[in-house]
Structures are given as structure tokens and as C-alpha cells.
Amino acid sequence: MSVDIPWEQLFEAAKKVRERAHAPYSKFPVGAAVLYADGSVVTGCNVENSSYGLSVCAERGAFAAGVAQGRSKPVAVAIVVDTPTPCPPCGMCRQVMLEFAPKELPVRSRNLEGDEARYSLGELLPHAFTSDFL
Ligand code: THU
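Residues numbered from 1 in each chain as written. Predicted model: local features only at pLDDT ≥ 70, side-chain atom pairs only at ≥ 80, totals over all residues. Heavy atoms only, no water.

The name given to the protein in an unreviewed UniProt entry is Cytidine deaminase, with the source organism recorded as Archangium violaceum Cb vi76. As its UniProt record puts it under Sequence similarities (unreviewed entry), the protein is described as follows: "Belongs to the cytidine and deoxycytidylate deaminase family." (UniProt positions renumbered as here; feature names shortened; annotations may be inferred.)

Laid out in C-alpha cells, this is it:
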């Protein structure tokens, strides 16, 4: 499934949008880029709030923007964070991604040094709650 995914382009997009993050409280800017089956790329950055609990992660921002832009079928996600080791998406973002993507979705994360971690969404969120249970 990872064949033909333009990872370098995706990571460039994630790195670029990370610069737009609004993270004055955590000082932990995150960028995410989602590739869709139609070849389009939708990005997101974390947007924090003085009422901390209202903050939105980069990944959820990207997926919400994808919905608003009429995108469907996410096929790859790239995340960029400035951490010593590449940072996986948080649990809430894993659940949100699974709403729209299959468990085979490749998710890759890089730090600014270019170190990379690779996951599938299913590895990140085993035994997931999905609409199949409803
Ligand atoms: N954050 C993300 O944007 N994505 C994640 O998967 C982990 C955490 C953000 C939320 C908050 O703005 C900051 O990183 C610190 O937790």
C-alpha cells in the first residue's frame, strides 16, 4: 500500500504547515499532512487555546479540513514534530483517523533531524471502537 506514496512531498507539507502552529502554551508545534486517494494533500497544525482543553491537534485539524474540503479515502499520513525521537499521534487522533481511514493506513512521523518512525493505524490503535459496534 505504501507504493507510490510521495512521502518526501508529504513530509515537506507537514514541516511547512508546522510553522503555522498556534502553540504558545506547550511550545510544541506539530504539522500533519494527509494524502487522499485522488492525489490531493490536506494539512493541519495544532491550534491551542488559553482554555487548554480546547486545543486541537495537527492530525485532527488535517482530517477535519479534509472533510470540509470534500476529500475522502485518506491513503497516507505524515507528521513532523521536533522531538528527539519521532513522535506518534495521540490516542484521540488515532480514533479520529480511524473514522475515515482503514487500519492499513500508513502513518509516518519524522523529527527535524529526519529520523522516522513508521506505523499502520491498526498498530497504533488495536481493538478499536468503530461504527461496526453501533
Ligand atoms: N499534539 C498534536 O498536535 N498531535 C499529537 O498527536 C500530539 C499532541 C499537540 C497538542 C498540543 O497542542 C501539543 O501538541 C502538546 O501536547
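Right, picking up where we left off after that structure.
1. What to know about the site of the ligand
Around the ligand, the neighbouring residues are Ser26, Phe28, Val30, Asn46, Glu48, Cys57, Ala58, Glu59, Pro89 and Cys90. Take Glu59: an N or O atom from its side chain is 2.8 Å from a nitrogen atom of the ligand. A distance of 2.8 Å is found between an oxygen atom of the ligand and a backbone nitrogen or oxygen belonging to Cys90. (Near = heavy atom within 4 Å. Polar contact = N/O pair within 3.5 Å; in protein donor to acceptor, adjacent residues only side chain to side chain.)

2. Side note on unusual backbone geometry
Even without being a glycine, Lys27 presents a positive backbone phi close to 50 degrees. On the secondary structure map, Lys27 appears in the loop between helix H1 (7-18) and strand E1 (30-36). Phi at Lys73 takes a positive value of approximately 60 degrees, unusual for a residue other than glycine. Inspection of the secondary structure puts Lys73 in the loop between helix H2 (58-68) and strand E3 (74-81). (Helix = DSSP H or I, 4+ residues; strand = E, 2+ residues; numbered from the N terminus.)

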